[in-house]
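Listed below, chain by chain, are the residues.
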Amino acid sequence: MVRSSTITVSDKAHILSMQKFGLRDTIVKSRLVQKEEDYTYIQNFRFFVGTYNVNGQSPKECLQPWLSHGIQAPDVYCVGFQELDLSKEAFFFHDTPREEEWFKAVSGGLHPDAKYAKVKLIRLVGIMLLLYVKQEHAAYISEVEAETVGTGIMGRMGNKGGVAIRFKFHNTSICIVNSHLAAHTEEYERRNQDYKDICSRMQFCQVDPSLPPLTISKHDVILWLGDLNYRIEELDVEKVKKLIEEKAFQTLYAYDQLKIQVAAKTVFEGFTEGELTFQPTYKYDTGSDDWDTSEKCRAPAWCDRILWKGKNIMQLSYQSHMALKTSDHKPVSSLFDIGVRVIKEELYRKTLEEIARSLDKMENANIPSVTLSKREFCFQNVKYMQLQVESFTIRNGQVPCQFEFINKPDEKSYCKQWLNANPSRGFLLPDSDIEIELELFVNKATATKLNSGEDKIEDILVLHLERGKDYFLSVSGNYLPSCFGSPIHTLCYMREPILDLPLETVSELTLMPVWTEDDGSQLESPLEIPKELWIIVDYLYRNAMQQEDLFQQPGLRLEFEHIRDCLDTGMIDNLSASNHSIAEALLLFLESLPEPVICYSAYHNCLECSGNYTASKQVISTLPTFHKNVFNYLMAFLQELLKNSAKNHLDENILASIFGSLLLRNPTGHQKLEMAEKKKAQEFIHQFLCNPL
């Protein structure tokens, strides 16, 4: 059997970059994509897709009623779980015994009439996806990659998000996504944002490292399953239950948030979902088929869903499985017949020979040339963590052409850190074109130097054609300084909002050394802590002390942009956002500090004396005055929060875990700390939450 090439067939237009294989191979591969129908035929395979939110429980019952009863043995199993483990250990340290327990339960519940090979298991905290195929198909599975995207607090935490497995089955590219989106009826916009984040951030490496990463959409077949958490809106609990009792599912479906959001084209554009002929799968009393009788008495909803996108896909069934009672959700399954492109060896060889012959006739002496729709790009009023995009088109002439943005002499990258070209390399057939997006995004890594004037929104990009000439693109613009990315002592010396100050003043104050103390020579005496920090904490103190899930549930991106603008302009009377958005803004503010609250120089001392409160207080006393003030202010605020733990359900461990990694940062900048180091940092903060300051 001819192994399939490293290109995806789904996006026929196609860009490919095969730098290391040379131009000829690149042209061969792209022509093969175009002529795919000449050497493949469609064969149907049976796919089982299942999703189950297990509410942190261990498996207590056989999974065969869900996975294999009453069906023919599927060729492929895609099985997803959410809330595998709800413990804080799983959330903060990612370890859980539940992974092995549920893996064994699934393996034991697969269809008894066939033997299956596990292709891949991927897990992000409580979101797990398993892929199995019949053993006889395993040889035709290739290019398997798995990735995760956390969309929890600060866009990182994995209590919400998605996991995905992509692979080629014969000559068809397939992507399976399992997601757990934001909870609560009113949070549908947050769910929409989670979906978009998963789509934009989920990227799979290709076999050829010179090829750009693949996104979810660049696959022939996409199967999306999970606890999408969309609820029934506008109806009270009793009305919902009455319609369910009457089996009036279509009437109820009219009020389904996912249906409404898909119709508004805010999510899952181009996806299909089968008709819902089963009752809502959430929320039940565990161990029964009774609706939720807890104090919250949640309204029933179709939280657990399966959607698909692509050609040659036929859904055969879509159902829930009431027999399983382990969780407060019921599992859902769907069977599909999916047409997969299978290669005919002889025709493949014949097509390959024809392409090779036509290439031999091509004049190698031809020099490629392209036209660019635009060469100058101006990004105006760039703001912290607010993406700006400018695009242009590369139009190719008569010669196949390979293009790439190349590094300028003595530079490590083809562009500055705040800029990205997408795609940054590719391949164009004669008379074809491609749109390139220049994405400008300032984050914590680049904001400080833009504030200080050490860097500016200025760059030159060099677009290089293999065997052709170079084209130069100029990028310019202006950055609006922000309190995000500004040092603590700088903000203490800014009595005015940062955007009211002359750029020279912002630059001077940003470049001041961290140990600057008030020596009386400054024009204005400094504040004890940054006013921006006080504004955020004061807002939370007045509005959010009893807020459930504070610092654990993300806010909305648009609200973050509003909060940032209010802080940077000083228009705090206009500040209006959800408690979760304000809380996340506090964490993002602390994360953006170029020198953390506990200075890098004190990091190792803190780890050494964690567990000894007297020694720990001594280390804090040696910090620069403004840093010491901020640390004590934050600890006092967190202690106040803990006084309301009966309502907000926060405890010292949760807060120490969240704030430990923000206040104490490894000076070497390693994102992934050793577990022992992470635990010591949390232990250090924990002492200050449990003892008098």
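Residues numbered from 1 in each chain as written. Predicted model: local features only at pLDDT ≥ 70, side-chain atom pairs only at ≥ 80, totals over all residues. Heavy atoms only, no water.

**Notes on the sheet that holds strand 7 (residues 172-180)**
(1) Moving on: Ordered by their spatial adjacency, five strands build an open sheet running 5-6-7-10-11, and the pairing between neighbours is mixed. Strand pairing shows two members of the sheet lacking a second neighbour, strand 5 (141-150) and strand 11 (304-310), which therefore form its edges. The average angle at which neighbouring strand axes cross in this sheet is 10 degrees, direction not considered.
(2) Moving on: Looking at chain direction, strand 7 and strand 10 (residues 221-227) are connected through seven bridges and run parallel. Along strand 10, the bridge assignment pairs Asn-178 with Leu-225.
(3) Moving on: Helix 6 (residues 188-201) rests against strand 5, strand 6 (161-169), strand 7 and strand 10 of the sheet, and its axis sits at about 135 degrees to strand 5. (Pairing = 2+ DSSP bridges. Helix = DSSP H or I, 4+ residues; strand = E, 2+ residues; numbered from the N terminus. Axes fitted to C-alpha atoms, helices over the stretch in contact; angles between N-to-C directions. Contact = heavy atoms within 4.5 Å.)

**Let's talk about the nonpolar core**
(1) Moving on: Counting 107 residues, the largest nonpolar core has Phe-551, Leu-586 and Ile-598 as its most contacted members.
(2) Moving on: The element contributing the most residues to this core is helix 19 (residues 625-642), with nine residues. (Core = buried A, V, L, I, M, F, W, Y, C linked by side-chain atoms within 4.5 Å. Buried < 20%, exposed > 50% of the residue type's maximum accessible area, 1.4 Å probe, protein only.)

**Things to note about the confidence of the model for the protein**
(1) Moving on: Chain-level statistics for the protein give a pLDDT mean of 90 and a share of 93% at 70 or above.
(2) Moving on: Under a pLDDT of 50 for its full length, residues 1-21 has, in the predicted model, 80 contacts with residues more than four places off or in other chains. (pLDDT = per-residue confidence, 0-100.)

**A few points about helix 16 (residues 579-592)**
(1) Moving on: An ideal rise of 1.5 Å per residue puts 20 Å on 14 residues; helix 16 measures up with 20 Å between its terminal C-alpha atoms.
(2) Moving on: Most of helix 16 is tucked away, with 14 of its 14 residues classed as buried. (Expected span 1.5 Å × (residues − 1).)

**Considering the packing of aromatic side chains**
(1) Moving on: Scanning all chains against the criterion turns up 29 aromatic pairs.
(2) Moving on: With 6.5 Å between their ring centres and 65 degrees between their planes, Phe-47 and Phe-169 make a pair best called edge-to-face. With Phe-47 in strand 1 (residues 40-53) and Phe-169 in strand 6, the pair connects residues that are 122 residues apart, well separated along the chain. A single burial state applies to Phe-47 and to Phe-169, both of which are buried.
(3) Moving on: Relative to Trp-291, the ring of Tyr-284 has its centre 4.5 Å away and its plane inclined at 25 degrees; by these criteria the two rings are stacked.
(4) Moving on: Here the aromatic residues Tyr-52, Trp-66, Phe-81 and Trp-102 are joined through ring pairs into a cluster of three or more. (Phe/Tyr/Trp six-rings, centres within 6.5 Å; stacked < 30°, edge-to-face > 60°.)

**Section: unusual backbone geometry**
The bulk of non-glycine residues show a negative phi, and the bulk of peptide bonds are trans.
(1) Moving on: Along the chain, Tyr-282 connects to Lys-283 via a cis peptide bond; the corresponding omega equals 5 degrees.
(2) Moving on: Its location among the elements puts Lys-283 in the loop between helix 9 (257-263) and strand 11.
(3) Moving on: The linkage connecting Asn-422 with the following residue, Pro-423, adopts the cis geometry, with an omega of -5 degrees.
(4) Moving on: Here Pro-423 lies in the loop between strand 18 (419-422) and strand 19 (425-428).
(5) Moving on: Positive phi, close to 60 degrees, is recorded for Lys-265, a residue that is not glycine.

**Brief notes about the layout of surface pockets**
(1) Moving on: Of the volumes computed, that of the second largest pocket is approximately 1,000 Å³.
(2) Moving on: Lining the second largest pocket we find 36 residues, and of these Glu-83, Leu-86, Lys-160, Ala-183 and Asp-549 sit closest to its centre.
(3) Moving on: Taken together, the residues of the lining of the second largest pocket break down into nine nonpolar, 14 polar and 13 charged. (1 Å grid on protein atoms, 1.4 Å probe; cavity = no way out; pocket = protein on both sides within 12 Å on 5 of 7 lines; lining within 4 Å. Points joined across faces, edges and corners; volume = space filled by probe spheres on them. Nonpolar A, V, L, I, M, F, W, Y, C, P; charged D, E, K, R; others polar.)

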